[in-house]
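# Remarks on the overall topology
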Amino acid sequence: SIGGHKNGFFNSAIRVGLMYDSRDKEGAPTRGIWAEGHVIAAPKWLGTTNPYYRYSFTFRNYVPIVKNDVLTFAYRLNYEGSFTKDCPYYVAPYITVMGENDDKDGFGGYRTVRGVMRNRIQGRIVCYLNTEHRWKFINFTVAKQNISLGLNAFFDGGKVLQEYETGWNSIDQLSPVVPDQLRNFGKNAEAFHLAAGAGFRFIMNKNFIIAVEYGKPFNSQDNAKGAFYVNTGYLF
């Protein structure tokens, strides 16, 4: 619970996992599977103030619809949770996908559920999905560099499968004045947080990619204005 972790902490953990990768290329894959699973152990004997044990599974698939890299359907499924109920609150926000962005992602934002405000949704066990159609509508060469321009349409969503235990017996212990949205939290079944959007890609030599995207949640509470992103690479 939050109350048990309020006096600070030291965190030390070991991560062990497996990865399978059959993608045809890394930057802009058009076929293959990229899957991974791992366990994070932070026991007391490593010096961790509040021990915890977490796990994560991620499956990505790339399906060619029109050959020669013209149109690809890609999707990603992620399931993340904890073996114990007393997982520290400061660990809950992190989505521990392996790779160059490991331990930096939170639920929402550009790297998980686009359009949904980052870290506004947290739980002990969460899942999310991304589905995306990627269309390269033109290819040409400039100064011996291979250039492609692409468009993508996406549908993302995520859900808290098990809420985090705050340790408060009553929501009134949090504050004498609590918004109705928070006061009613947990009374209704958690629903999926869904968003959709589209984007543009500038691709050079199949590995340098500039991305521009906009995502809009279906529920205004997730982010009333949606979100505009300028980044590099594909989401996955």
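Relevant structure appears above.
Residues numbered from 1 in each chain as written. Predicted model: local features only at pLDDT ≥ 70, side-chain atom pairs only at ≥ 80, totals over all residues. Heavy atoms only, no water.

Moving on, we get to the overall build of the protein chain. The helix and strand inventory of the protein chain stands at one helix and 11 strands. For the protein chain, the sequential pattern of α-helices and β-strands runs β-β-β-β-β-β-β-β-α-β-β-β. Expressed as a percentage of its 236 residues, the buried residues of the protein chain come to 42%. The contacts of the protein chain with a sequence gap of at least 6 include a subset with a gap of at least 24, amounting to 61%. Carbon and sulfur atoms provide 59% of the accessible area of the protein chain, an area that totals close to 12800 Å². (Helix = DSSP H or I, 4+ residues; strand = E, 2+ residues; numbered from the N terminus. Buried < 20%, exposed > 50% of the residue type's maximum accessible area, 1.4 Å probe, protein only. Contact = heavy atoms within 4.5 Å. Areas by Shrake-Rupley, 256 points an atom, 1.4 Å probe, with all protein chains shown as cover.)

It is worth spelling out the pairing of strand β3 (residues 52-66) at this point. Sheet topology note: the strand β2 (residues 32-42)/β3 ladder contains 11 bridges and is antiparallel. When the sheet's bridge partners are listed, G32 is paired in β3 with Y62. (Pairing = 2+ DSSP bridges.)

Below, the discussion takes up the sheet that holds strand β8 (residues 145-162). Here we have nine strands laid out as an open sheet, ordered β1-β2-β3-β4-β7-β8-β9-β10-β11, and antiparallel in their pairing. The open sheet terminates on both sides in strands that have one partner only, identified here as β1 (14-21) and β11 (227-232). Sheet twist, expressed as the mean angle between neighbouring strand axes with direction ignored, is 15°. Where β8 and strand β9 (residues 193-204) come together, 12 bridges link them in antiparallel fashion. Within β9, the position partnered with G157 by the bridge is L194. (Axes fitted to C-alpha atoms, helices over the stretch in contact; angles between N-to-C directions.)

To describe a pair of aromatic rings, you give the distance between the ring centres and the angle between the ring planes. Using the criterion set out here, one finds nine aromatic pairs in the structure. Note on Y55 and Y79: the rings are 6.1 Å apart at their centroids and 15° apart in plane angle, and the pair reads as stacked. Taken together, the residues span a long stretch of sequence, with Y55 in strand β3 and Y79 in strand β4 (residues 71-82) at a distance of 24 residues. Taking relative accessible area as the criterion, Y55 reaches 11% and is therefore assigned buried. (Phe/Tyr/Trp six-rings, centres within 6.5 Å; stacked < 30°, edge-to-face > 60°.)

Moving on, we come to a nonpolar patch on the surface. Judged by side-chain polarity, W135, F137, I138, F140, V142, L151 and F200 come together as a nonpolar surface patch covering roughly 580 Å² of accessible area. Tallying contributions element by element places strand β7 (residues 125-142) first for the nonpolar patch, with five residues. Mapping I138 onto the fold places it in strand β7. (Patch = residues over 30% accessible without salt bridge, like charges linked within 9 Å, V, L, I, M, F, W, Y side chains within 5 Å. Salt bridge = Lys/Arg side-chain N within 4 Å of Asp/Glu carboxyl O.)

Note that D86 resides in the loop between β4 and β5 (94-95). As for D86 and N50, which are separated by 36 residues in sequence, their C-alpha atoms are 8.5 Å apart.

What follows covers the environment of F73. Positionally, F73 belongs in strand β4. Judged by its relative accessible area of 23%, F73 falls in the partly exposed class. Each C-alpha atom of the pair F73 and F154 lies 9.9 Å from the other, and the pair is 81 residues apart in sequence. When neighbours within four sequence positions are excluded, F73 is seen to be in contact with N61, Y62, V63, I65, T131, E132 and H133.

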